[in-house]
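An overview of the molecular structure
Chain by chain, the residues:
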Amino acid sequence: MNENLKILSQTFKKYNLGCGTHLYPGFLNIGYWSNLGDGSVYKDLNGTQGTYMLNFDLRHGIPAENDSLDLIYHSHMLEHLSYLEGISFLKECYRALAPGSRMRVLVPDLEIWINAYTNNNKFFFDEYRRVLDPEIYVTKASIFMGMLHNHEHKCGYDFDSLKWVVEHVGFVNVRRTLYADSDLEEILTLEPQLPLRIMETLCIECFKP
């Protein structure tokens, strides 16, 4: 780890990984954009006051020292990695967290999508059609595949598979929660009331022993 990244990891004890455009004060928000400087830090990006964003490819690891973080949060990020990449990433999360610290994970719930498809849940697919091109995304299969491929998803998780992978890398006390259901003080900032996210999201919390 270079000296600048080492200073960041000593300054921030809460990481928001795979942040995209969702930047939160008090966290080191880490995402990767090819048009930004690799390893560069941006303050108040896009006018989001009091935030810091590190442009860093998390496939190269998590820029934090061993046992150093109090909280790792990632929302709709894990599915952008392949299954094996995801396991490697979760091992890095485990390495970086301090004993007793927490990880909160949000992913699209594969079981919800499959049930909606097999039960022909018209309401579910109509809600997604609203944010797509309704002239093209007509069938439920096209919407399902659009959810996967338009967003470069590489993997899908239901609760059993997500629980298995986090326990496989060492996490314990895995708990399924509702969206925005946590005693984290920042939870309503991290998870604002977005109907589509609420409808499709699987949420868990787990701890490093």
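This text gives an overview of the structure that appears in the document.

Here is what the cut-offs are and how they apply
Residues numbered from 1 in each chain as written. Predicted model: local features only at pLDDT ≥ 70, side-chain atom pairs only at ≥ 80, totals over all residues. Heavy atoms only, no water. Salt bridge = Lys/Arg side-chain N within 4 Å of Asp/Glu carboxyl O. Buried < 20%, exposed > 50% of the residue type's maximum accessible area, 1.4 Å probe, protein only. Axes fitted to C-alpha atoms, helices over the stretch in contact; angles between N-to-C directions. Helix = DSSP H or I, 4+ residues; strand = E, 2+ residues; numbered from the N terminus. Parallel < 35°, antiparallel > 145°, perpendicular 65-115°, else oblique. Left-handed = near helix turned anticlockwise from the far one by under 90°. Contact = heavy atoms within 4.5 Å. Nonpolar A, V, L, I, M, F, W, Y, C, P; charged D, E, K, R; others polar.

1. What to know about the pattern of salt bridges
Oppositely charged side chains can form a pair if their charged atoms are brought close together. On inspection of all chains with the given rule, the structure shows 17 salt bridges. Here arginine 59 ties to aspartate 57 by a salt bridge, and the two come within 2.8 Å at their closest N and O atoms. With a relative accessible area of 10%, aspartate 57 lands in the buried category. The salt bridge involving aspartate 126 is made with arginine 129; its shortest N-O contact spans 2.3 Å.

2. Here's the deal with the packing of helix 4 (residues 122-129) against helix 5 (residues 140-149)
Following both chains from N to C, one finds helix 4 and helix 5 inclined at 55 degrees, their axes separated by 10 Å at the closest point. Relative to helix 5, helix 4 is oriented oblique. Seen along the crossing, helix 4 lies across helix 5 with a hand that is left-handed. On the side of helix 4, the interface is formed by Phe125, Tyr128 and Arg129, while helix 5 contributes Lys140, Ile143 and Phe144. Looking at the contact of helix 4 with helix 5, its residues break down into four nonpolar, no polar and two charged.

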